[in-house]
Amino acid sequence: MRHNGTPAVAASGVWIDDSGQRQPGGEAHAWFPGQNQTACGRPLNRARLYGLAHVPFDYRRTDHLDAADRIGWICPRCVAATTPRPRRTRTFHRP
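In this report, we go over the structure that sits alongside the text. Values in this document were obtained by computation on a predicted structure and should not be read as measured data.

1. A look at the packing of aromatic side chains
Within a pair of aromatic rings, the relevant descriptors are the distance that separates the centres and the angle that separates the planes.
Stage number 1. As enumerated under the stated definition, the model contains one aromatic pair in all.
Stage number 2. Where Phe-57 meets Tyr-59, the ring centres are 5.1 Å apart and the plane angle is 75°; that geometry is what we call edge-to-face.
Stage number 3. Above the ring of Trp-15, the side-chain terminus of Arg-70 is found at 4.2 Å from the ring centroid.

Quick look at the structure:
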């Protein structure tokens, strides 16, 4: 299913930063607000994920997590679902 919005983060835990905003923690998934499931197909309620519509999902395959990050795991299926694919061009070799 193709979505035309920007994905937000659905996380297994939340923490509150210094300005009082909820931030993701635990494992992070891509979630399109208005849907009941993540981009990889996990339902929010059954997986006990919190939808954070104000936090954009801008993780890439090359991101590295360390011990200082509050997010412990980023779903690779959600990263693949939100990464734009290069467009293929057709070339006709026949004259």
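After that view, the rundown keeps rolling.
2. Concerning the pattern of salt bridges
Stage number 1. One pass over the full model with this rule turns up one salt bridge.
Stage number 2. When the shortest N-O distance is used, the salt bridge between Arg-42 and Glu-27 registers 2.8 Å. With Arg-42 in the loop between strand S2 (22-31) and strand S3 (50-56) and Glu-27 in strand S2, the pair connects residues that are 15 residues apart, well separated along the chain.
Stage number 3. Exposure remark for Arg-42: the relative accessible area of 33% places this residue in the partly exposed category.

3. Some details on unusual backbone geometry
Stage number 1. You will see that Arg-48, though not glycine, has its phi angle at about 55°, which is positive.
Stage number 2. You can see Arg-48 is positioned in the loop between S2 and S3.
Stage number 3. Here Arg-48 falls in the exposed class, since its relative accessible area comes to 69%.

The rules we used
- Residues numbered from 1 in each chain as written.
- Predicted model: local features only at pLDDT ≥ 70, side-chain atom pairs only at ≥ 80, totals over all residues.
- Heavy atoms only, no water.
- Phe/Tyr/Trp six-rings, centres within 6.5 Å; stacked < 30°, edge-to-face > 60°.
- Lys NZ or Arg CZ within 6 Å of the ring centre and 35° of its normal.
- Salt bridge = Lys/Arg side-chain N within 4 Å of Asp/Glu carboxyl O.
- Helix = DSSP H or I, 4+ residues; strand = E, 2+ residues; numbered from the N terminus.
- Buried < 20%, exposed > 50% of the residue type's maximum accessible area, 1.4 Å probe, protein only.

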